[in-house]
Amino acid sequence: MTAYEGFCLKCKTYGPISSPELFTMGNGRKRVGGTCSQEGCTGKISKIIG
Ligand SMILES: [Zn+2]
């Protein structure tokens, strides 16, 4: 399984995305979304990957 990383706007940390899910947007681009893996942070991370 590929690990995705992204920037959490809540704790301002760049790190791995916990339980990532892939979405395809209307324009055909892919987006990965999940939650921040920092302990105690519940921030959501969303990143366009292609
Ligand atoms: Zn966070």
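Note: the structure precedes this text.
## Brief notes about the overall build of the chain
Looking only at helices and strands, one finds zero helices and four strands in the chain. The helix and strand sequence of the chain, counted from the amino end, reads β-β-β-β. The globule rule puts the C-alpha radius of gyration for 50 residues at 10 Å, and the 11 Å found for the chain is close to it. Once the C-alpha set of the chain is aligned to its principal axes, its extents read approximately 35 × 20 × 15 Å. Residues classed as buried in the chain amount to 10% of the 50 residues present. At a minimum sequence separation of 6, the contacts of the chain that also span at least 24 residues come to 27%.

## With respect to the pairing of strand 2 (residues 13-24)
In terms of strand pairing, strand 1 (residues 5-8) meets strand 2 through four bridges, oriented antiparallel. Residue pairing in the sheet places Phe7 in a bridge with Tyr14 of strand 2. In this antiparallel pair of consecutive strands, strand 1 and strand 2, the connection spans four residues, and Lys12 shows a positive phi of 55°. For strand 2 and strand 3 (residues 30-36), the ladder comprises six bridges, and the chain directions are antiparallel. If you follow Thr24 over to strand 3, its bridge partner there is Lys30.

Cut-offs applied
Residues numbered from 1 in each chain as written. Predicted model: local features only at pLDDT ≥ 70, side-chain atom pairs only at ≥ 80, totals over all residues. Helix = DSSP H or I, 4+ residues; strand = E, 2+ residues; numbered from the N terminus. Rg over C-alpha atoms; globule rule 2.2 N^0.38 Å. Buried ≥ 20, exposed ≤ 12 C-beta atoms within 10 Å, placed from the backbone. Contact = placed C-beta atoms within 7 Å. Pairing = 2+ DSSP bridges.

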